[in-house]
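Chain residues, written in single-letter form:
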Amino acid sequence: MDDPVAEHTRPLRILIADDSDSDRLILKTLLKRLGHEVLDVANGLDAVSLFRQEAPDLVLLDALMPIMDGMEAAREIKFLAGERLVPLIFLTSLSEASALARCLEAGGDDFLSKPYNRIIIEAKIKAFNRMRLMHQTLTDQRDLIRERNRQLTEEQEIAKRVFDNVAHSGCLDATNIRYHASPQSIFNGDVLFASPRPAGGVLIFMGDFTGHGLPAAIGAMPVAEIFYGMANKGFNGQDVLREINQKLKRILPTGMFCCGAMVEADFKLNQVQIWNGGLPDSWLIRASGEQVALPSRHLPLGILAPDQFNAEFERVGAAPGDRVLMMTDGFLESADSAGNVFGERGVTGTLDRLDVGDHPFDAMMAAVHRFTGNFEDGDDLTLCCLEMMDEAGFATLPDRAAPSALAGPAEWRCTYEIRERTLGEFSPLPLLLHICMEVPGLRRKSGEIYTLLAELYNNALEHGVLELPSEWKHSPEGFGRYYAERNRRLASVEGHYIRFTLHHSLKPDGGRLRVVCEDSGQGFDFRNHPSVASGISPTTSGRYAGRGLLLLKRLAETIRFHEQGNHVEIVYDWQFARTAENRND
Amino acid sequence: MPIQTRRDDDGQTLVISIEGRFDFSTHQAFRDAYEHGDPDVRYYIVDLSDTTYLDSSALGMLLLLRDYAGGDSARIVIENCNNDVRRILSISNFEQLFNIR
């Protein structure tokens with residue numbers, strides 16, 4: 001901006017309009033002597049046109065002039081000046097109040113009475129110049145703010161687009177997920193991610209960073225990357241949460257953190273696992289109408305050091321048709337025009353009135369909409385509802401484009417064994433899946449491969465090494481007992497191991513993956529096991545739950561048991577994509 | 001002044017009282033209340049009897065105080081919370097980090 005002192009002392013360009021030659025000359029001489037530059041005309045019309053040409057700083061107008069009088073000229077000049085403040089002073093010998101008032105109504109800022117008084121003229125010009133400069137400063141600052149705001153909005157728009165590309169690579173659009181997140185929610189610090197799991201089912205994360213604007217948005221990027229990267233590779237919710245917490249703890253300053261909840265839904269086991277750290281209660285709403293609150297039991301993410309962080313999920317059984325509802329603080333803080341908030345009472349009230357046929361998502365959105373009335377204004381809430389469904393109904397990873405099947409490793413073999421306490425602390429599944437996914441022909445089958453590996457591994461661990469009876473999982477009480485016992489037994493696995501041997505080779509029409517899984521457990525009597533022999537799902541069995549075995553049988557070409565039943569071998573074949581689909585039949 | 005401090009009798013306890021809304025607008029004043037580096041202070045009490053509202057940036061400020069006061073070894077009591085304030089503290093499970101009474 002210009003130096004304000006120089007701006008105050010700079011001579012002004014002053015336009016005088018007066019039809020009296022002598023008055024005009026007196027005034028002009030006087031102003032020139034004060035150091036100003038003077039333009040003068042003898043009527044209103046000339047005043048307007050000279051104003052348009054020269055844009056003077058200040059205008060002195062005689063009220064009564066031929067052709068166009070002062071009032072008319074004042075209106076035109078004020079119109080031409082637009083936002084610029086050009087002080088306009090009437091020169092008049094009028095003394096009647098209503099005539100003076102008309103001058104001001106026409107746009108005049110003040111009067112000078114004839115005959116002129118040099119001291120008063122000088123004082124008024126100084127006073128109006130101060131006002132003019134202040135107006136100029138305010139206008140400049142306003143323009144600057146407006147421009148900065150435009151830049152900021154533009155930058156946010158770009159940042160949002162980048163973020164959308166990262167954050168929405170998941171499966172939020174799946175038919176069993178309903179959600180509301182305002183387009184600008186990222187700048188309220190809200191994030192919502194969903195990813196199909198290679199093992200089937202889905203992983204959802206909802207987060208709410210402290211603060212607003214760019215600082216709140218910035219943590220969202222690494223969280224999105226970690227979430228999608230790890231979920232895709234088959235890591236479970238606990239591992240993903242631990243990684244997110246550790247990352248946020250490292251990059252966020254003290255005092256900034258992320259309230260969040262993660263839901264891991266398994267459509268095969270019909271169970272939901274949830275971890276809630278700092279978000280309002282999530283809800284499990286059963287198809288029967290029963291409602292279970294899933295409250296926050298943990299500190300938010302990014303506060304605790306990795307060794308203090310507790311990533312333990314709460315586990316609940318959930319059948320197809322049951323729904324999980326999650327929300328951020330913004331939802332509870334939705335306010336009506338009087339400033340009352342929707343609050344927990346709004347949520348529980350809405351749930352109380354829920355009819356069996358109602359979708360909780362629609363009911364919740366309608367309720368908050370009714371409550372606030374002016375929904376658009378305070379729209380920074382995030383709400384998400386996941387419906388449990390049949391395993392078969394949920395499409396997992398989308399089929400990728402057929403890769404060139406001959407590129408990448410085709411003939412290989414590897415053995416990977418985990419032993420001792422590592423059995424309780426580490427899942428080898430992401431690593432094994434990763435190795436298999438190096439084969440382009442297997443990549444389209446990641447869901448099936450993961451399921452095969454996971455079934456083999458879980459059977460080897462839970463029934464082989466830990467000797468847990470699978471019947472327990474058939475009743476809700478047994479379910480809890482099963483997992484409690486699992487954790488207890490994992491603490492004492494000295495001398496135990498699980499060994500995977502993967503062997504891949506090419507065949508004329510595709511490839512063959514052979515997986516051998518051995519464990520150090522007692523094995524089972526597979527020769528007399530009903531589902532091994534017949535394929536009929538048994539009601540009770542010693543080692544394999546009928547479901548797991550049937551699944552293996554369905555996915556694999558062959559499945560064989562060796563030794564005393566603690567050595568399982570499966571063969572999985574894949575074919576090259578057909579180049580001409582129509583030659584078939 | 002929405003934030004006031006006083007020393008308890010023994011001079012080792014700094015009591016910080018917050019009146020009205022405890023949110024981002026009190027950020028500087030809250031920091032000024034404890035960042036004077038007085039080595040005599042060993043205990044902190046955050047008195048919320050007159051606090052009507054507390055938001056997530058206030059939770060962040062409490063974490064900053066905790067860090068300043070020694071992190072895991074900090075001895076900080078948060079007291080006299082009203083129900084709304086108490087609810088916000090417990091949703092975030094701050095009982096695990098602070099002595100709330």
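Residues numbered from 1 in each chain as written. Chains lettered and ligands numbered in written order. Predicted model: local features only at pLDDT ≥ 70, side-chain atom pairs only at ≥ 80, totals over all residues.

## Considering the overall build of chain A
Turning to step 1, where the next piece is worked out: From N to C terminus, chain A includes 19 helices and 20 strands.
Turning to step 2, where the next piece is worked out: Sorting the 585 residues of chain A into buried and exposed places 38% on the buried side.
Turning to step 3, where the next piece is worked out: Taking the contacts inside chain A whose residues are at least 6 apart along the sequence as the reference set, 66% of them involve residues at least 24 apart. (Helix = DSSP H or I, 4+ residues; strand = E, 2+ residues; numbered from the N terminus. Buried ≥ 20, exposed ≤ 12 C-beta atoms within 10 Å, placed from the backbone. Contact = placed C-beta atoms within 7 Å.)

## What to know about the interface of chain A and chain B
Turning to step 1, where the next piece is worked out: The interface of chain A with chain B comprises 16 residues on the first partner and 12 residues on the second.
Turning to step 2, where the next piece is worked out: Here the side of chain A that touches chain B is composed, by residue class, of seven nonpolar, eight polar and one charged. (Nonpolar A, V, L, I, M, F, W, Y, C, P; charged D, E, K, R; others polar.)

## Quick word on the confidence of the model for chain A
Low pLDDT means the predicted coordinates in that region are not meant to be read closely.
Residues and elements named next belong to chain A.
Turning to step 1, where the next piece is worked out: In this model, chain A carries a mean pLDDT of 83, and residues with pLDDT of at least 70 account for 88%.
Turning to step 2, where the next piece is worked out: Contacts for the low-pLDDT stretch residues 396-403, under 50 throughout, to residues beyond four places or in other chains number 14 contacts.
Turning to step 3, where the next piece is worked out: Note on residues 579-585: pLDDT is under 50 here. Beyond four places in sequence and across chains, it has one contact. (pLDDT = per-residue confidence, 0-100.)

## Things to note about unusual backbone geometry
Turning to step 1, where the next piece is worked out: Cis peptide bonds are those with omega within 30 degrees of zero, and the linkage from Lys-114 of chain A to Pro-115 of chain A qualifies with -5 degrees.
Turning to step 2, where the next piece is worked out: Mapped onto the fold, Pro-115 of chain A is located in the loop between β5 (110-113) and α6 (118-167).
Turning to step 3, where the next piece is worked out: The backbone phi angle of Ala-55 of chain A is positive, close to 45 degrees, even though this residue is not glycine.
Turning to step 4, where the next piece is worked out: The backbone of Asn-93 of chain B shows a phi angle near 55 degrees, a positive value even though the residue is not glycine.
Turning to step 5, where the next piece is worked out: The topology assignment puts Asn-93 of chain B in the loop between α3 (83-91) and β7 (99-100).

## Regarding helix α14 (residues 429-437) of chain A
Residue and element names in this part refer to chain A.
Turning to step 1, where the next piece is worked out: Along α14, the residues that are buried comprise Leu-429, Leu-432, Leu-433 and Cys-436. Projected down its long axis, α14 shows its buried positions confined to an angular sector of 100 degrees, all on one face.
Turning to step 2, where the next piece is worked out: On the buried face of α14, the contacting elements are β16 (412-419), α15 (440-443), α16 (446-465), β17 (497-507) and β18 (510-519). (Arc of directions from axis to C-beta.)

## Some thoughts on the nonpolar core
Turning to step 1, where the next piece is worked out: Grouped together as the largest cluster of nonpolar side chains are 98 residues, with contacts concentrated most on Phe-193, Ile-204, Phe-227, Val-263 and Met-326 of chain A.
Turning to step 2, where the next piece is worked out: At eight residues, helix α8 (residues 220-232) of chain A tops the list of elements feeding residues into this core. (Core = buried A, V, L, I, M, F, W, Y, C linked by C-beta atoms within 7 Å.)

## Concerning the confidence of the model for chain B
Turning to step 1, where the next piece is worked out: Looking at chain B as a whole, its pLDDT mean stands at 88, while 98% of the residues score no less than 70.
Turning to step 2, where the next piece is worked out: Among the prediction metrics, the complex's ipTM stands at 0.80, with pTM recorded as 0.66.

## Considerations on the sheet that holds strand β14 (residues 323-327) of chain A
All names here are of chain A.
Turning to step 1, where the next piece is worked out: The sheet built from five strands is open, its strands ordered β6-β15-β14-β11-β12 with antiparallel pairing. Since the sheet does not close on itself, it has two edges, and those belong to β6 (177-181) and β12 (291-294), each with one partner. When the angles between neighbouring strand axes are averaged without regard to direction, this sheet yields 15 degrees.
Turning to step 2, where the next piece is worked out: Relative to β12, strand β11 (residues 282-285) is paired through four bridges, and the arrangement is antiparallel. Bridged to Leu-284 within β12 is Val-292.
Turning to step 3, where the next piece is worked out: Sheet strands touched by helix α12 (residues 360-372): β6, β11, β14 and β15 (382-387). Its angle to β15, the strand with the most contacts, is close to 160 degrees. (Pairing = 2+ DSSP bridges. Axes fitted to C-alpha atoms, helices over the stretch in contact; angles between N-to-C directions.)

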